[in-house]
Amino acid sequence: MIRPLKLAIIGGGPSGFYLASRLLSLFPQSYADSLRVHIFDRLWAPHGLVRYGVAPDHPEVKNCTHKFDSAASDPRLKFFGNVNVASNGVDALNSVPSSSLKKNYTHLVFATGCTEPNMHPLLPRDDGIIPALDIVHWYTRHPSNPSPPPLSSTNHVSIIGMGNVSLDVARMLLCPPSILEKYDVPSHVLDALRNSKVKHVSVIGRRGPLEAAFTTKELREMMNLPDVALRPLEKSVLDVQASTRQQSRTLDLLKKGSKAAFGTTLKTWSLDFYRNPIGVTVPSSKSPSYSLSLGHTTVDSVTKRAGPLLDPKGAPITSVLPTSLIVPAMGFHAEPSSAAPYAQWYDLDQKYIKTLPGGRVSTTNLDTEEPKIYASGWAATGAKGVLASTMMNAYSVAEAILEDWTNLTPSSTNSNTHPVAISSSPWDAPPPEILDGLSSANITTYEDWLAVDAEEVRRASAGGKERERMDWNEAKKFLYDTARQKR
């Protein structure tokens, strides 16, 4: 009897779908019906950061969803949204304890990403200190439903960090709404941007232009924003020697400056290199703005680490930047909660799941009820790289899963090897908690998502817009009405 491969993937973002797609394509055709892949996500809609992280004006980045749609069309793959997987049973709606997954699957993958923002230790959350992730979730209508940034009372924004997310947020705050309105931007976000009082965005980094993490593509988009100008950089900042092609391109763009000349526009932005936040004073009756204290820095030519810049007397050089809104954009990390299903493998120092080659987390023998466990994507690597690197990582984990299954699977169906213990009946059914959620229409399927996806596009088409996003309440009502009409 052939040993089935029944895989549970926790996380329905790009890593999970890339992994599923790869495994489906590699699995031996002679045993095709011995494979089942179930993807679980705590959000109602699939695709993770592709839907809720990619900037709306980057529709080309979302083309990978066509591949995900293709994978989901395979009857061996099922998606279950609105499912909270926890280390222990909890009272939350649609909660599934990880112990239930272990009883029902031969292999288990954590593809849960990095969902928590890294905060600067000296910049705690406040009304005017909002992590970039909250702003991204606001303009992508994430189910967490964060409060909107106070743009109608903000004229100066300070973004801490020089990665692509920093420039995404800066671009969204400065780009004319007349340009954004054709993209996948929710209507209430467009309204807020039209009423925004933001005039300047400072993008602050503790190192220099050679160390900036943003890509030349993102920088070029900022330079080309209509009616928005970059404050020219001091010559000394640009007097550095590039050692890579990307660094040369970055320096060329910075030297050329923005398409709009500085001093001719109402909106401006700046790249404040060699500055490190060292403190903040909150607004008061005497000072209506935040006062962001910045330590001036220098970069060690060998270690590439930033250190304090000292005056001739050996004292650190500092300055104060008045600002209305502070946005830390310093990366993300995996959720460290003890309730997370991967808590026992969480690396507190690295802030992601510790893995072995091939994304292996556990080398448990498949002849026991405990499945072999893996981690993929940012959950296993930390929040770094682009979608292409996530895809390659997911592919390598899929190949490791197939290798492990092959090594434990008899070459002939005449073997006396006992099949793995799976408590589901039939063997390819999801856990009972999922069946209960499906019967009450609280759990979504990929078929549900395809219907919502088409409706979002239809609702926006009349106005020449890419789509009009629904929240869960709207989607649930739409699905209910659609199902009722079919009866």
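For clarity, every value in this text was computed on a predicted model and none was experimentally measured.

Right, let's get into the packing of aromatic side chains. If you walk through the whole model with that rule in mind, you get 16 aromatic pairs. Taking the centre distance of 5.0 Å and the plane angle of 80° together, the rings of tyrosine 18 and phenylalanine 68 count as edge-to-face. Of this pair, tyrosine 18 sits in helix H1 (residues 14-26) while phenylalanine 68 is found in helix H3 (residues 65-72), placing the two residues 50 residues apart along the sequence. For the pair formed by tyrosine 18 and phenylalanine 68, the shared burial category is buried. Chaining the aromatic ring pairs together yields one cluster made of Phe17, Tyr18, Phe68, Phe79, Tyr395 and Tyr446. It is arginine 22 that lies over the ring of tyrosine 395; its NZ or CZ is 4.8 Å from the centre.

Our focus in this paragraph is the sheet that holds strand S11 (residues 267-272). Strands in a sheet are paired, the pairing made by backbone hydrogen bonds, and the direction either parallel or antiparallel. The parallel open sheet is built from 5 strands, whose spatial order is S10-S11-S9-S8-S16. This sheet does not close on itself; its edge strands, each paired only once, are strand S10 (228-230) and strand S16 (325-328). Sheet twist, expressed as the average angle between the axes of neighbouring strands with direction ignored, equals 20°.

Turning our eyes to something else, we now look at the packing of helix H5 (residues 132-139) against helix H6 (residues 164-174). At a minimum axis distance of 10 Å, the contact between H5 and H6 shows a crossing angle of 50°. Put simply, H5 runs oblique to H6. Viewed along their axes, H5 and H6 form a crossing whose handedness is left-handed. Listed contacts from H6 to Ala132, Ile135, Val136 and Tyr139 of H5 are Val165, Asp168, Val169 and Met172. Split into classes, the residues belonging to the contact of H5 with H6 amount to 7 nonpolar, no polar and 1 charged.

On to the pattern of salt bridges. Counted according to the given criterion, the structure contains 30 salt bridges. When the shortest N-O distance is used, the salt bridge between arginine 171 and aspartate 57 registers 2.7 Å. One end of the pair, arginine 171, is in helix H6; the other, aspartate 57, is in the loop between helix H2 (49-52) and H3, with 114 residues separating them in the sequence. One exposure class covers both arginine 171 and aspartate 57, and it is buried. Ionic pairing is found between aspartate 481 and arginine 484, a salt bridge with its closest N-O pair at 3.6 Å. Taken together, the residues aspartate 481 and arginine 484, both in helix H16 (residues 472-486) and 3 residues apart, mark about one turn of the helix. The buried category is assigned to aspartate 481, whose relative accessible area is 18%. On the basis of relative accessible area, arginine 484 is assigned to the partly exposed category, the value being 46%. Via salt bridges that share partners, Arg51, Lys62, Asp184, Asp453, Glu456, Arg467 and Arg469 belong to a single interconnected network.

Looking at the assigned domains, one finds that the protein contains domain 1 (5-115 + 333-444) and domain 2 (119-328). Averaged C-alpha coordinates put domain 1 and domain 2 at centres separated by 36 Å. Each partner contributes residues to the interface: domain 1 has 14 residues there, and domain 2 has 18 residues. Buried area between domain 1 and domain 2, summed over both chains or domains, comes out near 1,200 Å², and the portion from carbon and sulfur atoms is 61%. Contact with domain 2 buries area across many residues of domain 1, yet Tyr52, Pro56 and Asp57 alone supply 49% of it, more than any other trio. Linking domain 1 with domain 2 are 3 salt bridges. Put simply, domain 1 and domain 2 have 5 residue pairs in polar contact (both at pLDDT 80 or more) between them. The class makeup of the residues in the side of domain 1 that touches domain 2 is 7 nonpolar, 3 polar and 4 charged.

With that out of the way, let us pick up the layout of surface pockets. Taken as a whole, the second largest pocket encloses approximately 460 Å³ of empty space. If you trace the second largest pocket, you find 20 residues lining it, with Glu234, Val237, Asp272, Phe273 and Arg275 closest to the centre. Elements with a contribution of two residues or more to the lining of the second largest pocket: strand S9 (200-204), helix H10 (235-238), S11 and strand S15 (318-323). Its residues assigned to classes, the lining of the second largest pocket comprises 10 nonpolar, 6 polar and 4 charged.

We now examine the sheet that holds strand S20 (residues 372-375). Sheet architecture is open: 5 strands sit in the order S3-S2-S1-S6-S20, paired in parallel fashion. Two strands in the sheet have a free side with no partner beyond their single neighbour: strand S3 (77-80) and S20. Strand-to-strand twist in this sheet, taken as the mean axis angle between neighbours without regard to direction, amounts to 15°. Bridging between strand S2 (residues 35-40) and S3 involves 4 bridges; their strand directions are parallel. The residue of S3 that forms the bridge with phenylalanine 40 is phenylalanine 80. This element, helix H13 (residues 387-407), spans strand S1 (5-10), strand S6 (107-110) and S20 of the sheet and lies at about 165° to S20.

To continue, consider the side chain of glutamate 456. Within the element layout of this structure, glutamate 456 appears in helix H15 (residues 446-461). A polar contact is formed between the side chain of glutamate 456 and the backbone nitrogen of methionine 470, at a distance of 2.8 Å. When sequence neighbours within four positions are dropped, the list of residues in contact with glutamate 456 reads Trp44, Arg51, Trp449, Arg467, Glu468, Arg469 and Met470.

Moving on to the nonpolar core. General note: in soluble globular proteins, nonpolar side chains tend to be found buried as a group. Membership of the largest hydrophobic core comes to 49 residues, with the highest contact counts inside it found for Val201, Leu219, Trp269, Leu271 and Phe273. For this core, the element with the highest residue contribution is H6, accounting for 6 residues. Apart from the residues lying within four places of it in its own chain, the contact partners of leucine 219 are Leu167, Phe214, Thr250, Leu253, Leu254, Trp269 and Leu271. In terms of nonpolar packing, the next biggest core, distinct from the first, is built from 44 residues, Val50, Tyr52, Cys64 and Leu402 among them.

How each quantity is defined
- Residues numbered from 1 in each chain as written.
- Predicted model: local features only at pLDDT ≥ 70, side-chain atom pairs only at ≥ 80, totals over all residues.
- Heavy atoms only, no water.
- Phe/Tyr/Trp six-rings, centres within 6.5 Å; stacked < 30°, edge-to-face > 60°.
- Helix = DSSP H or I, 4+ residues; strand = E, 2+ residues; numbered from the N terminus.
- Buried < 20%, exposed > 50% of the residue type's maximum accessible area, 1.4 Å probe, protein only.
- Lys NZ or Arg CZ within 6 Å of the ring centre and 35° of its normal.
- Pairing = 2+ DSSP bridges.
- Axes fitted to C-alpha atoms, helices over the stretch in contact; angles between N-to-C directions.
- Parallel < 35°, antiparallel > 145°, perpendicular 65-115°, else oblique.
- Left-handed = near helix turned anticlockwise from the far one by under 90°.
- Contact = heavy atoms within 4.5 Å.
- Nonpolar A, V, L, I, M, F, W, Y, C, P; charged D, E, K, R; others polar.
- Salt bridge = Lys/Arg side-chain N within 4 Å of Asp/Glu carboxyl O.
- Domains from an automatic or database assignment.
- Buried area = accessible area lost by both parts, 1.4 Å probe.
- Polar contact = N/O pair within 3.5 Å; in protein donor to acceptor, adjacent residues only side chain to side chain.
- 1 Å grid on protein atoms, 1.4 Å probe; cavity = no way out; pocket = protein on both sides within 12 Å on 5 of 7 lines; lining within 4 Å.
- Points joined across faces, edges and corners; volume = space filled by probe spheres on them.
- Core = buried A, V, L, I, M, F, W, Y, C linked by side-chain atoms within 4.5 Å.

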